[in-house]
Amino acid sequence: MNYKIILIFIAIIIMEFLALYGIKHYFKHKKVEMMILSVICYAGIPLFLYIAISMGHSLSTINTAWNVISTLYGILIGVVIFNEPVGSMQWFGALFSFTGLILIFLGSKPSKS
């Protein structure tokens, strides 16, 4: 995996972090601008997915990575920022997801199209 794809995932993570934070903040404080921020951030994510796929990475690998990474930092945001409880089975599931992500990237081959 090269540094460009890592930067793309960092951009996706930041955008989705802002979107998740905005949604949660909206429900706590009813500030419409936070919901607007969330919508804008989520709307921008497909652009970065498109860039990753156009670099030769397969849709299945990129989409799986996005889903797993989103799940992992969604848990972390809930725990660290919003003090949401997470059970041991959820932590086990997160670890299992991360392990699966590593296996998917190790087994992925560049897309031909």
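Residues numbered from 1 in each chain as written. Predicted model: local features only at pLDDT ≥ 70, side-chain atom pairs only at ≥ 80, totals over all residues. Heavy atoms only, no water.

**Regarding the overall build of the protein**
Part 1: Helix and strand counts for the protein come out as four helices and zero strands.
Part 2: Counted from the first residue to the last, the protein has its helices and strands arranged as α-α-α-α.
Part 3: Seen through its C-alpha atoms, the protein measures out along the principal axes to roughly 45 × 35 × 20 Å.
Part 4: Within the span of the protein, comprising 113 residues, buried residues form 31% of the whole.
Part 5: The long-range share in the protein, meaning contacts at least 24 apart out of those at least 6 apart in sequence, stands at 64%. (Helix = DSSP H or I, 4+ residues; strand = E, 2+ residues; numbered from the N terminus. Buried < 20%, exposed > 50% of the residue type's maximum accessible area, 1.4 Å probe, protein only. Contact = heavy atoms within 4.5 Å.)

**Overview of unusual backbone geometry**
Part 1: If you check the backbone angles, lysine 30 has positive phi at about 55 degrees while not being a glycine.
Part 2: Secondary-structure assignment places lysine 30 in the loop between α1 (3–29) and α2 (32–54).
Part 3: With a relative accessible area of 53%, lysine 30 lands in the exposed category.
Part 4: Non-glycine residue asparagine 83 carries a positive phi angle of around 55 degrees.
Part 5: Of the residues examined, asparagine 83 reaches a relative accessible area of 65% and is grouped as exposed.

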